[in-house]
Each structure stands twice: as structure tokens, then as C-alpha cells.
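# Summary of the model geometry
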Amino acid sequence: MKTYFSFFFFLISLVTCFAQEKFTVYFESNKFELNSKENTKLSDWISENKNNKIVAIHGFTDEDGTTGFNDTLAQKRVNCIFNTVKNQIKIREDFKTRSFGESFVQSKNKAENRRVVIYYILEKDLPREDEILGIKKEIVEEKPKPEIVYPEKLVFENPNGTKSEFKLDRAFMKKVGEAKSGEKLKIENLNFVINTFAVVNESRGKMYELLLVLQKNPNLKIEIHGHLCCMPVDRADLSTQRAKAIYNFLVHNEIQKERLAYKGFGSSQPIYPLPEKNEEERAANRRVEILIVEN
């Protein structure tokens, strides 16, 4: 009984219609290893096609023998070729094995039926690989995130009975919540006590803005970046300490550490060149930014 086994990626009709390049080796009767002549031919083909890509390996037998015997023989022939080429030429990873039984046309010359056919794509055609194989990429429609309404202010009761009120920048929070991976945003008006990493009271609302955004966007991951002005060298590593202060505030308020990271850049990434010309330039360089890692 004639048998055909295949390492394939999509329907055989797609491969044979669109993949014009193919290479064939032949086996002796009842053998699944190549003789020296065919082995040399395969080795030469491998040397000449290092930059191409195999998309299918089809194995055939002649009609002699039982179906079970021929199924095993055809499979072994495919395995022989696959094991020879797998570490030398790129092969699509999504291949499977399938028997087409008697669905292929036999040659009257039995020797021509004892073969393995390699279908491949030339290097120059690899950018069109999916097109050649008839693969249509599934377009996943991205669902818009539900709009989140952020508060305009937060009010806290202090231990002495007084209340602290922080006005919040809703536009900034919305911008962070909708930012894409790779975007970098400056936290405006986030100021520290001079030469320290302590946030001034007037700026504490900025940290709560960041906290609220992270609480309401559970997939959001950020990296906090600290920057200094004026000093060419950040000897006290103050930029890192300031970024870490924001990080510690968020962790203290139960934002998972896996969603956060921090770095200090000193004055190595100034917006305005050092030395700055005025306070406006110094204020621009002295900043904290957040990098959107994932959202």
C-alpha cells in the first residue's frame, strides 16, 4: 500500500500552490536512511540554502507492503530528513504530522515514489512568508478601556483633629491611565526639600495622584526616574533617592513591587544643557518622570 507522511504547517494545497521551491531526495526500497549519493545531494542542498526556510517536509513510499508498514516507513523517512536539517536551516515551528494515505498520485516508476520532498521559501521571499502560506493574521479588535473618573481632591483627617486637603490634577491622572508602553511623562510640581529626598507638603498631592492611577489601573507598570539640575556629578545619588522616595510611598500604600521600579540619572539627561541659564531651565532639569512599562 502506498503511503505519504508529512511534516506540514497548513493544508497541502496551500503549500503546493504557493511555495514554488522544492527539493527531493530518494530512498532505496524499504530503507529510511539515504544512500551515499542522496546523502551528498542533501548535504550540498543544505550548504546552498542556509538562509532559506523550510515550511514542510513530505514523505512518501511506494505501494508495496502493508499500510501499517508503509506508514511507519514514511514517517521514519521524514524523521531522517528532519533530524539532518533541523539545526542547519530554519524551519517553521508550528509543523505537525499528517498521513494522506492514498491521496497522492503515484508514479509508474516505483523508485520515484520512495522519496521525501522538502518545500522551502527563499530568503528574499521570507518577508512574504505568511502570504505565501496563505496565512491571514487574526485582527484582534482592541476594546477601549472603560473611562475612569478620578476625584478632584482628597481630604485626610490628621491625628490632632485638623484636616489636610489635596487638590488633584484629573487631566494628569487620565493621561497616565491612558498612556501606552514606552511613553514618558513628567510629574509637574513635584518638589523636594532642598538637597534632600523629602517631598514638600505642597507636593504630596502629586504622589496621591500617582497612587490613585495605579490603584484604578491594575495592569499599569511604571518606572520612576529621578533627574537633577545644576550639578554635573550626583555624588550623593540624590536623584535615585528621590525616585526611591516615590517608590517607597507607593509600596507603603500596597502597590505591588512587581509593578514598580526606580532609577536615578543625576544630570546626565538634562532638558537644557548645563550650566543652566536661569531658574526656569534649572526647574525643567530638576524633575521626576515616569516611564510607562506596561499598560
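Use the structure listed above.
Residues numbered from 1 in each chain as written. Predicted model: local features only at pLDDT ≥ 70, side-chain atom pairs only at ≥ 80, totals over all residues. Heavy atoms only, no water.

Another aspect to go through is the overall build of the protein chain. In terms of helices and strands, the protein chain carries 9 helices and 12 strands. Here the protein chain holds 295 residues, and the buried ones make up 41% of them. Counting contacts in the protein chain only where the partners sit at least 6 residues apart, residues at least 24 apart contribute 75% of the total. Carbon and sulfur atoms make up 50% of the accessible area of the protein chain, which amounts to about 17,600 Å² in all. (Helix = DSSP H or I, 4+ residues; strand = E, 2+ residues; numbered from the N terminus. Buried < 20%, exposed > 50% of the residue type's maximum accessible area, 1.4 Å probe, protein only. Contact = heavy atoms within 4.5 Å. Areas by Shrake-Rupley, 256 points an atom, 1.4 Å probe, with all protein chains shown as cover.)

In space, the 4 strands of this open sheet follow the order 9-12-10-11, with mixed pairing throughout. Every interior strand has two partners, whereas the edge strands, strand 9 (184-186) and strand 11 (260-264), have only one. With strand direction ignored, the average angle separating the axes of adjacent strands in the sheet is 25 degrees. Relative to strand 12 (residues 287-294), strand 10 (residues 221-227) runs antiparallel, the two sharing 7 bridges. Following the sheet pairing, Ile 224 is matched in strand 12 by Ile 290. In the packing of helix 8 (residues 238-252) onto the sheet, contacts are made with strand 10 and strand 11, and the angle to strand 11 comes to roughly 165 degrees. (Pairing = 2+ DSSP bridges. Axes fitted to C-alpha atoms, helices over the stretch in contact; angles between N-to-C directions.)

With that out of the way, let us pick up the packing of helix 7 (residues 204-216) against helix 8. Here helix 7 crosses helix 8 at 55 degrees, and the two axes come no closer than 10 Å. It follows that helix 7 is oblique to helix 8 by the angle criterion. Here the hand of the crossing between helix 7 and helix 8 comes out right-handed. Listed contacts from helix 8 to Arg 204, Met 207, Tyr 208, Leu 210, Leu 211 and Leu 214 of helix 7 are Ile 246, Phe 249 and Leu 250. (Parallel < 35°, antiparallel > 145°, perpendicular 65-115°, else oblique. Left-handed = near helix turned anticlockwise from the far one by under 90°.)

What follows covers the packing of helix 6 (residues 170-178) against helix 7. Running from N to C, helix 6 and helix 7 cross one another at 40 degrees; their axes reach a closest spacing of 10 Å. Accordingly, the angle class assigned to the pair helix 6 and helix 7 is oblique. Helix 6 and helix 7 meet at a crossing whose hand is right-handed. For the pair helix 6 and helix 7, the contacting residues are Phe 172, Met 173, Val 176 and Gly 177 in the first and Glu 209, Leu 212 and Val 213 in the second. Among the residues forming the contact of helix 6 with helix 7, the class breakdown is 5 nonpolar, 1 polar and 1 charged. (Nonpolar A, V, L, I, M, F, W, Y, C, P; charged D, E, K, R; others polar.)

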